[in-house]
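Architecture at a glance
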Amino acid sequence: MAAVLLLVLSGCGGSRDDFIGARVQDVCKASWPVCNQFAGCILGPESYSEGRFPGHGQLLVQVKEASTIKVSFYLEEVRAAGEETSVTVHEEGCRARQRQASTGRAALDQMEKFGEFTREVDVTGVGDHLVEFESDMQALYVVKVDVTPLRIQ
């Protein structure tokens, strides 16, 4: 396990700068109303946020047409894989939701192999979509979101 964590820490799949690209950090300290609660920020192709696991986060993704929402994490300073990392994407108005969970080990394996841990969900509604994520992993993370219209896939 220590050897695998060392590989993840060394960034064998790519660097933090490669992951972020030209995006600008959003500290996610706002209060955007969505689904009878509040998200800390709106993320899209021009922004990213960061934080620490274990813990959870909420963000808002705006969609103009039926699309795939891709949530990606770059993990650093991993101390423990934890039991589960999950991403939940809500349709607009929270009329439905899709939850995807992975074991901590699977999340780290994907990070090691591809340089990031990702989850993709197709949404049909237009408007604001709440994205929630949670993990008991011990690590720092950078999170970004990409939206691709279903019509061009």
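Structure: above.
Here we summarise the structure given alongside this text. (Residues numbered from 1 in each chain as written. Predicted model: local features only at pLDDT ≥ 70, side-chain atom pairs only at ≥ 80, totals over all residues. Heavy atoms only, no water.)

1. Brief notes about the nonpolar core
Ranked by size, the top nonpolar core spans 32 residues in total, and within it Leu59, Ile69, Val71, Phe73, Leu75 and Phe133 carry the most contacts. Those elements giving two or more residues to this core turn out to be helix H2 (16–20), strand E4 (47–63), strand E5 (67–80), strand E6 (84–90), helix H3 (104–114), strand E8 (117–123) and strand E9 (127–149). If you tally residues by element for this core, the top one is E9, at 8 residues. By size, the runner-up hydrophobic cluster in this structure holds 5 residues, among which are Val34, Cys35, Leu60 and Leu130. (Core = buried A, V, L, I, M, F, W, Y, C linked by side-chain atoms within 4.5 Å. Buried < 20%, exposed > 50% of the residue type's maximum accessible area, 1.4 Å probe, protein only. Helix = DSSP H or I, 4+ residues; strand = E, 2+ residues; numbered from the N terminus.)

2. Some points on the side chain of Arg23
Note that Arg23 resides in the loop between H2 and strand E1 (24–25). If sequence neighbours within four positions are ignored, Arg23 has contacts with Gly44, Pro45, Glu46, Ser47, Tyr48, Lys144, Val145 and Asp146. (Contact = heavy atoms within 4.5 Å.)

3. Considerations on the pairing of E4
Both faces of the sheet carry side chains from a regular strand, because those side chains alternate between them. Two strands pair when backbone bridges link them, and E1 and E4 are joined in this way by 2 bridges, in the parallel orientation. When the bridges of E4 are listed, Val24 appears paired with Ser47. (Pairing = 2+ DSSP bridges.)

4. Quick notes on unusual backbone geometry
Put simply, Phe53 and Pro54 share a cis peptide bond, and its omega is 10 degrees. Mapped onto the elements, Pro54 comes out in strand E4. The phi torsion at Asn36 lies on the positive side, around 60 degrees, for a residue other than glycine. The topology assignment puts Asn36 in the loop between strand E2 (32–34) and strand E3 (37–39). Backbone geometry at Cys94 places phi at a positive 55 degrees, although glycine is not the residue there.

5. Let's talk about the pattern of salt bridges
Applying the stated criterion to the full structure yields 9 salt bridges. Note that Arg16 is salt-bridged to Glu50, the shortest N-O span being 2.3 Å. In this pair, Arg16 is assigned in helix H2 and Glu50 in strand E4, connecting sequence segments 34 residues apart. On the basis of relative accessibility, which here comes to 24%, the residue Arg16 falls in the partly exposed class. Note on Glu50: relative accessible area 34%, which makes it partly exposed. (Salt bridge = Lys/Arg side-chain N within 4 Å of Asp/Glu carboxyl O.)

6. Considerations on H3
Listed as buried for H3 are Gly104, Ala107, Leu108, Gln110 and Met111. The arc that holds every buried residue of H3, seen down its axis, measures 160 degrees, which confines them to one face. For H3, the exposed residues lying more than 90 degrees away from the buried face are Lys113 and Phe114. Positive phi appears at Gly115, one or two residues downstream of H3, with a value of about 85 degrees. (Arc of directions from axis to C-beta.)

7. Quick notes on the packing of aromatic side chains
Tallied over the entire structure, the rule returns 8 aromatic pairs. A ring pair is formed by Phe133 and Tyr141, whose centres lie 5.5 Å apart and whose planes are at 85 degrees; its orientation type is edge-to-face. Among the aromatic residues, those joined into a cluster by ring pairs are Phe53, Phe73, Phe117, Phe133 and Tyr141. Across from the ring centre of Phe19, 4.3 Å away, lies the NZ or CZ of Lys144, which sits over that ring. (Phe/Tyr/Trp six-rings, centres within 6.5 Å; stacked < 30°, edge-to-face > 60°. Lys NZ or Arg CZ within 6 Å of the ring centre and 35° of its normal.)

8. Some details on the environment of Thr103
Tracing the backbone through its elements, the reader meets Thr103 in strand E7 (residues 97–103). Separated by 78 residues in sequence, Thr103 and Gln25 place their C-alpha atoms 28 Å apart. Ignoring anything within four residues of it in the chain, the contact list for Thr103 reads Glu83 and Glu84. There is a polar contact of 3.0 Å between the side chain of Thr103 and the backbone nitrogen of Ala106. (Polar contact = N/O pair within 3.5 Å; in protein donor to acceptor, adjacent residues only side chain to side chain.)

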